[in-house]
Amino acid sequence: MDASTFLSAPPRVGVYVCHCGLNIARVVDCGAVVRSVQAMDDVAVARELPYACSEPGQQVIKQDIEDMGLNRIVVASCSPRLHETTFRQMMRDAGLNPFLLEMANLREQCSWVHMHDPEAATRKAADLARMAVSRVRRLSPLHPQRLPLTKKTLVIGGGVAGIQAALDLADSGYEVVLVEKRPSIGGMMAQLDKTFPTMDCSI
Amino acid sequence: MADAGRHPRITLLTLSEVTDIKGYVGNFHVKILKKARYVDEKACTACGECARVCPVVRPDEFNQGLSSRKAIYSPFPQAVPSAYVLNANECLGHNPAVCAKCIAVCEKGCINFHMSDEEIEVTVGTIIVAVGMESYDPTELDEYGYTRFPNVLTSLEFERLINAGGPTKGEIVRLSDRRAPRSVGFVQCVGSRSARKGRSYCSNVCCMNTVKSTLVLKEHDPDLDIKVFYIDIRAFGKGFEDLYTRSRRLGVRYIRGLPGTVEELPDGSLRVAVENAATGRLEFHDLDMLVLAVGIQPAESTRKLQEMLGLQLTSDGFFLEAHPKLQPVDAATRGIFFAGCAEGPKDIKDSVTQASAAAARAMRLMQWGEILTEPITAEVVAEHCIACGRCAQVCPYNAVTVDKKKKTPATITTAACAGCGTCAAECPTGAIIMNHFKDIQIREQIDTMLAENPAEKILTFACNWCSYAGADSAGVSRLQYPPNARLIRTMCSGRVAESFVWHAFQKGAPVVLVSGCHIGDCHYINANHWTEKRIAKMRKKMEKLGIRPERLQLEWVSAAEGVRFAKVMAQMEQLRQSVTAEEIAETVRILCEHKDTRPQTDDGDA
């Protein structure tokens with residue numbers, strides 16, 4: 001879809017409420033969350049999924065995008081800090097701009113932290129899902145820019161870790177600048193005699 | 001070590017420290033200060049003539065002060081680079097009348113007293129932080145008598161003593177009388193797993209280091225009496241249990257219980273009082289030598305680097321990874337990775353494993369030779385810009401150009417914009433659009449949240465990197481808090497415009513919380529300073545308008561502070577309960593009357 005047709009096309013939102021096995025579903029009534037978004041403007045479909053991030057889960061969403069012409073997706077599952085990249089990739093695969101995705105955090109912010117109050121957790125989950133729908137309807141496609149990159153790595157610290165990282169990079173053809181504040185590399189390791197578990201010399 | 005020193009693609013800078021890092025993934029601009037070595041690194045053959053004639057004697061740091069070195073010295077025999085180094089603070093000076101003996105004997109003329117510090121600038125695509133750790137100084141644990149009794153050593157001092165390359169060439173002697181000990185004791189968890197002094201975490205390596213030391217001692221002298229005082233022996237790694245079993249089979253006694261006191265006997269031996277947890281009895285053990293298995297703590301340079309790179313630390317003081325399981329070597333900032341003890345205490349094998357992982361993650365980013373930028377950046381709508389210059393003033397990245405005199409509208413260098421949104425929040429005319437976090441996008445979230453029963457909800461703005469991550473951390477730890485909190489995520493707290501808060505109060509929000517990274521930890525250098533100023537300004541305005549300023553709260557919650565997040569939420573709930581329906585109605589009335597607090601029209605959403 002090019003930019004002009006996109007802008008003229010009305011939003012068609014798909015909402016997917018993930019059970020995360022029982023991580024979410026044990027506390028949050030996922031069916032109630034689905035029902036709370038179904039009547040919202042522009043929501044074309046809302047479903048529950050056992051695991052949204054799994055291959056079959058993603059397949060359901062992709063199929064809906066194709067079959068129903070969805071152009072914006074809400075995934076109500078875990079923290080976007082965990083799976084936003086997963087679902088953005090799914091959007092790309094399905095031919096949608098990855099920035100037309102919004103996640104509602106039902107696991108870290110509802111089921112895991114309000115375990116003893118399922119009703120309140122469900123109310124909160126519904127609010128978060130509805131907020132995500134309101135937001136996703138207003139999102140615009142975004143396009144990253146390609147920039148040149150310097151194929152060189154700065155390694156700060158010349159102990160065993162710094163040395164190993166520097167060697168792996170350099171052996172693979174990358175330039176490395178290894179910075180050590182002491183007069184020699186080697187770090188703490190150089191001071192050790194035999195080391196466990198092999199009981200051999202550390203240098 | 002030697003491989004790293006001679007690798008054609010590795011530029012090795014010793015005596016060097018990173019002083020400044022600017023830029024972003026793909027192109028970080030780094031300033032490095034290389035301190036003068038006063039010896040030509042390439043020409044020096046490490047013949048050692050200079051050190052032989054140097055009259056200055058100093059304790060040798062490499063041997064933990066158990067031997068001496070000169071003011072011009074080689075750090076240790078296998079040092080890389082192998083060149084000698086001169087400590088200018090210890091050297092008597094280059095005036096021939098004073099000394100300069102080393103210059104006279106150096107045939108190759110490598111020594112140069114006029115060498116000066118060098119500032120080196122490099123551009124790199126990725127950064128690996130491997131600053132390592134420091135060992136715990138047990139002097140504060142006075143009951144063990146370290147520094148009071150010469151035969152109480154740290155495990156690191158013991159390590160040098162037993163090392164064939166060490167001050168005694170590997171022969172174990174007591175420091176008080178140079179006699180070979182007949183009995184040696186080890187005290188575990190010194191400065192680790194302690195709520196009282198030292199650190200609360202397990203330092204990971206000390207158990208196995210002690211097991212190793214007992215085996216090495218038994219190799220030296222099979223009849224040596226060895227006792228280990230411990231709380232738990234953690235031999236969890238591959239091959240570790242074997243070593244532990246071997247140590248016990250060789251007759252090393254493992255006694256469950258940490259010594260309460262250590263006293264010195266007239267012959268320099270040590271009497272250790274310990275409550276044996278297996279028997280429940282108080283026991284006394286006389287030992288010729290006592291080794292304190294000291295724990296690991298973050299390196300001194302950790303804090304400085306954390307501030308320079310805008311990274312986060314855990315409550316232990318080590319670097320915080322982007323995700324503890326799925327991204328264990330990535331920093332939250334793209335293009336920065338961790339290796340070794342910088343991220344937490346670990347042994348050599350784990351350090352090497354993590355280093356290879358970090359290298360692979362860095363290569364994965366660099367292999368295509370180009371980088372895709374995050375398109376979450378700000379844009380100016382030129383026709384609405386009045387060229388006041390506020391955006392340029394608040395931008396932490398100098399990404400905004402505006403000519404106030406000529407009144408040319410602001411422009412944003414997209415490549416330099418990191419997307420904090422502070423400019424959009426501060427723009428007085430709404431001329432800046434913060435992509436993906438536009439005014440309308442956020443306002444819609446507020447409207448939906450407050451559409452039903454607004455008085456019951458705690459509206460919280462949380463920045464992506466710290467506070468939102470702190471909420472995640474509360475979730476992962478299953479910390480329970482009041483269920484009426486509703487989070488709106490922005491990349492930075494700097495994005496939270498005044499208009500969002502007024503809008504929320506106008507829609508009947510009882511309380512609003514703005515949360516972000518602690519001052520100094522901001523992912524966008526110092527954007528949260530503007531948040532702080534803005535909130536202070538708003539609270540003054542609230543006071544003037546007759547709205548209780550406490551209803552707007554600002555809290556800093558780091559990514560590691562799940563406990564703090566839950567606590568803040570409980571406090572917010574208390575605050576919310578103090579807000580009456582009448583108070584909310586009054587606020588809505590006040591805000592509807594006041595023009596300057598009404599939400600601005602959003603310009604970029606046509």
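Described below are features of the structure shown in this document. In this text the structure is predicted, and so the values were computed from the model without any measurement.

1. Things to note about the overall build of chain B
Argument step 1. For chain B, the count of helices and strands is 16 helices and 29 strands.
Argument step 2. Taken over 606 residues, chain B has a buried fraction of 57%.
Argument step 3. Contacts in chain B between residues far apart in sequence, at least 24 positions, make up 68% of those at least 6 positions apart.
Argument step 4. Total accessible area on chain B is roughly 25,900 Å²; 50% of this is exposed by carbon and sulfur atoms.
Argument step 5. Placing the 73 positive and 73 negative side-chain charges of chain B at their respective mean positions leaves the two points 1 Å apart.

2. Observations regarding the sheet that holds strand β7 (residues 175-179) of chain A
Argument step 1. Spatially, 5 strands are ordered β1(B)-β7(A)-β6(A)-β9(B)-β20(B) in an open sheet, and the strand pairing comes out parallel. Each edge of the open sheet carries a strand with a single partner, namely β1 (10-13) and β20 (336-338) of chain B. Each adjacent strand pair in this sheet contributes to an overall mean axis angle of 20°, direction not counted.
Argument step 2. The pairing of strand β6 (residues 152-156) of chain A with β7 of chain A spans 5 bridges and is classified as parallel. Pairing of Ile156 of chain A across the sheet is with Val179 of chain A, part of β7 of chain A.

3. Quick look at the interface of chain A and chain B
Argument step 1. At the junction of the two partners, chain A supplies 85 residues and chain B supplies 122 residues.
Argument step 2. Between chain A and chain B, the buried area comes to about 9,200 Å², and carbon and sulfur atoms account for 62% of it.
Argument step 3. At the surface where chain A touches chain B, the tally comes to 6 salt bridges.
Argument step 4. Here Arg489 of chain B and Glu84 of chain A are joined by a salt bridge, their closest N and O atoms 2.8 Å apart.
Argument step 5. If you look at where chain A meets chain B, you find 54 residue pairs in polar contact (both at pLDDT 80 or more).
Argument step 6. In terms of residues, the side of chain A that touches chain B owes the most to one element, helix α7 (residues 160-171) of chain A, which gives 12 residues.

4. Focus: the state of the cysteines
All names here are of chain B.
Argument step 1. For the coordinates displayed, the defined rule picks out 1 disulfide over all chains.
Argument step 2. Disulfide pairing is shown between Cys466 and Cys517; the S-S distance is 2.4 Å. Because the sign of the S-S torsion sets the handedness, a value of about 100° for the bond joining Cys466 and Cys517 places this disulfide among the right-handed ones. In this pair, Cys466 sits in the loop between β26 (458-463) and α12 (467-476) while Cys517 sits in the loop between β28 (511-516) and α14 (527-545), placing the two residues 51 residues apart along the sequence.

5. Considerations on the packing of helix α13 (residues 498-506) of chain B against helix α16 (residues 581-593) of chain B
Residue and element names in this part refer to chain B.
Argument step 1. Between α13 and α16, the shortest axis-to-axis distance is 8 Å and the interhelical angle comes to 130°. Judged on the interaxial angle alone, α16 and α13 are oblique. Facing Trp502, Phe505 and Gln506 of α13, the residues of α16 in contact are Thr587, Val588, Leu591 and Cys592.
Argument step 2. Considering only residue class, the contact of α13 with α16 consists of 5 nonpolar, 2 polar and no charged.

6. A closer look at the pairing of strand β17 (residues 281-287) of chain B
Argument step 1. Examined bridge by bridge, strand β16 (residues 270-276) of chain B and β17 of chain B share 7 bridges and lie antiparallel to one another. Each residue of the ladder has a partner; that of Arg271 of chain B, found in β17 of chain B, is Asp286 of chain B.

7. Quick notes on unusual backbone geometry
Argument step 1. Omega for the bond connecting Phe196 of chain A with Pro197 of chain A falls within 30 degrees of zero, at -5°, which places this linkage in the cis form.
Argument step 2. Within the secondary structure, Pro197 of chain A sits in the loop between β8 (194-195) and β9 (200-201).
Argument step 3. The peptide bond linking Val80 of chain B to Pro81 of chain B adopts the cis configuration, its omega dihedral lying at -5°.
Argument step 4. Mapped onto the fold, Pro81 of chain B is located in the loop between β6 (72-73) and β7 (85-86).
Argument step 5. Residue Ala46 of chain B is not a glycine yet carries a positive backbone phi of 60°.
Argument step 6. What makes Ala46 of chain B partly exposed here is its relative accessible area of 30%.
Argument step 7. In this model, Arg193 of chain B sits at a positive phi of 50°, which is unusual for a non-glycine residue.

8. Side note on the packing of helix α6 (residues 118-137) of chain A against helix α11 (residues 439-449) of chain B
Argument step 1. One can describe the packing of α6 of chain A onto α11 of chain B by two numbers: an axis separation of 8 Å at closest approach and a directional angle of 145°. The hand of the α6 of chain A/α11 of chain B crossing is right-handed. Contacts between α6 of chain A and α11 of chain B involve Asp127, Arg130, Met131, Ser134 and Arg135 of chain A from the first element and Gln441, Glu444, Gln445, Thr448 and Met449 of chain B from the second.
Argument step 2. When its residues are assigned to classes, the contact of α6 of chain A with α11 of chain B shows 2 nonpolar, 4 polar and 4 charged.

9. With respect to the environment of Pro428 of chain B
Residues and elements named next belong to chain B.
Argument step 1. Structurally, Pro428 can be placed in the loop between α10 (422-426) and β25 (432-434).
Argument step 2. With relative accessibility at 47%, the residue Pro428 sits in the partly exposed group.
Argument step 3. Sequence separation between Pro428 and Arg390 is 38 residues; the distance between their C-alpha atoms is 8.3 Å.

10. So, the sheet that holds strand β8 (residues 118-124) of chain B
Residue and element names in this part refer to chain B.
Argument step 1. Taken in spatial order, the 3 strands of this open sheet run β2-β3-β8, and their pairing is antiparallel. Where the open sheet ends on each side, the last strands, each with one partner, are β2 (16-24) and β8. Taken over all neighbouring pairs, the strand axes of this sheet differ in orientation by 20° on average, direction set aside.
Argument step 2. Pairing of strand β3 (residues 27-34) with β8 involves 7 bridges; the strand directions are antiparallel. Paired with Ile32 across the bridge in β8 is Ile120.

11. Points about the nonpolar core
Argument step 1. Grouped together as the largest cluster of nonpolar side chains are 105 residues, with contacts concentrated most on Ile73 of chain A together with Phe461 and Val512 of chain B.
Argument step 2. Examining the composition of this core, we find that 8 residues originate from one element, α6 of chain A, more than from any other.
Argument step 3. Aside from chain neighbours lying at most four places away, what touches Val512 of chain B is Leu459, Phe461, Val501, Ala504, Phe505, Arg551, Leu552, Gln553 and Met572 of chain B.
Argument step 4. Within the second largest apolar cluster, 66 residues are counted, among which are Ala190 of chain A together with Val30, Leu311 and Ile336 of chain B.

12. Some points on the packing of aromatic side chains
Residues and elements named next belong to chain B.
Argument step 1. If you walk through the whole model with that rule in mind, you get 10 aromatic pairs over all chains.
Argument step 2. Between Tyr244 and Tyr254, the aromatic rings sit 5.0 Å apart at their centres with planes inclined by 85°, giving edge-to-face as the arrangement. With a gap of 10 residues between them, Tyr244 in helix α6 (residues 240-249) and Tyr254 in strand β14 (residues 253-256) connect regions that are remote in the sequence. The pair formed by Tyr244 and Tyr254 is uniform in burial state, with each residue classed as buried.
Argument step 3. For the pair Tyr481 and Phe565, a centre-to-centre distance of 5.3 Å together with 75° between the ring planes defines the contact as edge-to-face. Linking Tyr481 in the loop between α12 and β27 (485-490) with Phe565 in helix α15 (residues 562-577), this pair joins segments that are 84 residues apart in sequence. With respect to class, Tyr481 is no different from Phe565; both count as buried.

Cut-offs and rules
Counting restarts for each chain, with residues numbered from 1 along the sequence as it is written. As they are written, the chains are lettered A onward and the ligands numbered 1 onward, keeping that order. This being a predicted model, a pLDDT of at least 70 is required before a residue's local features are given, and a value of 80 or more before pairs of side-chain atoms are given or counted; all residues contribute to the totals for chains, interfaces and linings. The basis for the side-chain values is all heavy atoms of the structure; hydrogens and waters are excluded. By the criteria applied, helices consist of DSSP H or I runs no shorter than four residues and strands consist of E runs no shorter than two, each listed in order from the N terminus. Per-residue accessibility, obtained with a 1.4 Å probe over protein chains only, is compared with the maximum for each type, and a residue is labelled buried under 20%, exposed over 50%, and partly exposed between these values. Should any heavy atoms of two residues lie within 4.5 Å, those residues are counted as being in contact. Residue burial considers only the protein chains on display, and all accessible areas are found by Shrake-Rupley using a 1.4 Å probe. The charge count treats Lys and Arg as positive and Asp and Glu as negative. His and the chain ends do not count. Charge coordinates come from a single atom per side chain, which is NZ of Lys, CZ of Arg, CG of Asp or CD of Glu. Any two strands with at least two DSSP bridges between them are considered paired. Geometry is summarised by axes, namely lines fitted to C-alpha atoms with helices restricted to the contacting stretch, and by angles between N-to-C directions that run from 0 to 180 degrees. Buried area is calculated as the accessible area (1.4 Å probe) missing from two parts once they are joined, with the contributions of both summed. Throughout this description, the term salt bridge denotes a Lys or Arg side-chain nitrogen within 4 Å of a carboxyl oxygen of Asp or Glu. Counted as a polar contact is a pair of N or O atoms within 3.5 Å, where, for protein atoms, one must be capable of donating a hydrogen and the other of accepting one, and residues adjacent in sequence contribute only when both atoms are in side chains. When two cysteine sulfur atoms lie within 2.5 Å, the pair is treated as a disulfide. For classification purposes, an angle smaller than 35 degrees is called roughly parallel, one larger than 145 roughly antiparallel, one from 65 to 115 roughly perpendicular, and anything else oblique. When residue character is reported, Ala, Val, Leu, Ile, Met, Phe, Trp, Tyr, Cys and Pro are called nonpolar, Asp, Glu, Lys and Arg charged, and the others, Gly included, polar. Whether a crossing is left-handed or right-handed is set by the direction in which the near helix is turned from the far one by less than a right angle, anticlockwise for left-handed and clockwise for right-handed. Within this scheme, the nonpolar core is defined by two criteria: the residues are buried Ala, Val, Leu, Ile, Met, Phe, Trp, Tyr or Cys, and they are joined through side-chain atoms within 4.5 Å. The pairing test for Phe, Tyr and Trp rings, Trp by its six-membered ring, is centres within 6.5 Å, and the orientation test on the planes gives stacked under 30 degrees, edge-to-face over 60, and tilted for anything in between.

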